[in-house]
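Here is what each chain is made of, one letter per residue.
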Amino acid sequence: MKNAHYPFELPQLYFPENALEPAISGQTISFHHGKHFAKYVENLNAILAKFPEYQETCLEQLMCQLDSLPQAIQIGVRNNGGGCLNHDIYFRGLSPKPSTPTGALLDAINQHFGSYEEMKQQLANESIGVFGSGWGWLCYDPKAARLCITGTANQDTPYEKKLYPIVAVDVWEHAYYLDYQNRRPDYVGQMLAHVDWEHACGIYRNIIDGGVDTPF
Ligand code: MN
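Every value quoted in this text rests on a predicted model; they were computed, and no experiment measured them.

Peer 1: Would you take a moment to explain helix 1 (residues 26-48) for this structure?
Peer 2: The α-helix advances 3.6 residues per turn, and as a result positions three or four apart in sequence lie on the same side. Taking 1.5 Å per residue, 23 residues should reach 33 Å; helix 1 reaches 32 Å between its end C-alpha atoms and fits that length. Most pronounced at A38, the bend in helix 1 amounts to some 30 degrees. Along helix 1, the residues classified as buried are G26, T28, I29, H32, H33, F37, Y40, V41, L44, N45, I47 and L48.

Peer 1: Got a minute to help me understand the sheet that holds strand 3 (residues 164-170) in this structure?
Peer 2: Hydrogen bonding along the main chain pairs the strands of a sheet, whether they run parallel or antiparallel. Taken in spatial order, the three strands line up as 2-1-3 in an open sheet, and their pairing is antiparallel. Edge strands, defined here as strands with exactly one partner in the open sheet, are strand 2 (146-153) and strand 3. Pairs of neighbouring strands in the sheet enclose a mean axial angle of 25 degrees, with direction left out of account. Sheet topology places strand 1 (residues 134-141) next to strand 3; six bridges connect them, and they run antiparallel. Of the residues in strand 3, the one forming a bridge with C139 is P165. Contacts from helix 8 (residues 197-208) reach strand 1, strand 2 and strand 3, with the element oriented near 150 degrees to strand 3.

Peer 1: Got a minute to help me understand the pattern of salt bridges in this structure?
Peer 2: In a structure, side chains of opposite charge can pair up when their charged atoms sit close to one another. Taken as a whole and judged by the stated rule, the model has eight salt bridges. With a shortest N-O distance of 3.0 Å, R78 and E160 are connected by a salt bridge. Within this pair, whereas R78 is found in helix 3 (residues 71-92), its partner E160 is found in the loop between strand 2 and strand 3, the two being separated by 82 residues in sequence. Salt bridges sharing common partners tie together R78, D156 and E160.

Thresholds, definitions, all that
Residues numbered from 1 in each chain as written. Predicted model: local features only at pLDDT ≥ 70, side-chain atom pairs only at ≥ 80, totals over all residues. Heavy atoms only, no water. Helix = DSSP H or I, 4+ residues; strand = E, 2+ residues; numbered from the N terminus. Expected span 1.5 Å × (residues − 1). Bend = angle between axes of the 7 residues up to and from the residue. Buried < 20%, exposed > 50% of the residue type's maximum accessible area, 1.4 Å probe, protein only. Pairing = 2+ DSSP bridges. Axes fitted to C-alpha atoms, helices over the stretch in contact; angles between N-to-C directions. Contact = heavy atoms within 4.5 Å. Salt bridge = Lys/Arg side-chain N within 4 Å of Asp/Glu carboxyl O.

Rendered as structure tokens:
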């Protein structure tokens with residue numbers, strides 16, 4: 001959905017629904033992507049249908065300027081636009097193929113966290129610790145010029161904290177309840193074993209090369 005604007009379309013999964021089994025079942029991916037994510041897209045389009053002045057604005061920009069949106073659509077865009085943006089990062093960030101960070105991202109991880117394992121542990125702890133529905137994130141903080149780990153509530157995005165998202169961990173129960181019920185830590189561990197680090201490295205490289213033009 002990068003740089004996409006109204007009318008938004010549900011991005012296709014780029015792996016088969018059952019490709020992450022047994023970590024995440026095909027049934028979970030089917031509901032999560034085909035129902036939950038799709039609903040956020042549908043809702044966002046319905047909201048913007050009545051506000052043509054925002055139909056050319058890309059999703060990232062909408063999420064960065066929530067405060068300046070008309071009162072009537074602020075909460076709707078926050079929840080559904082956030083749902084679109086967060087889920088796009090989440091599903092694109094998963095891979096059936098095991099991988100680890102390399103290159104500039106690995107260097108930054110080692111520099112800031114000491115090791116990949118330590119970073120993963122901190123990201124897991126942050127994600128497990130989110131109260132209720134929300135997200136854990138590995139982000140880049142452009143102001144401090146370094147990586148950071150944070151959590152967001154509901155469908156709030158890292159953009160609201162002026163952070164660039166790199167890896168998303170969805171800890172809404174719809175992401176894991178069919179497979180793990182209340183065992184969020186087990187899901188988070190399994191999900192983090194399926195992060196597409198090659199893709200994450202590309203996002204990071206793009207950020208530090210100045211390829212991100214999100215207007216904070
Ligand atoms: Mn979700």
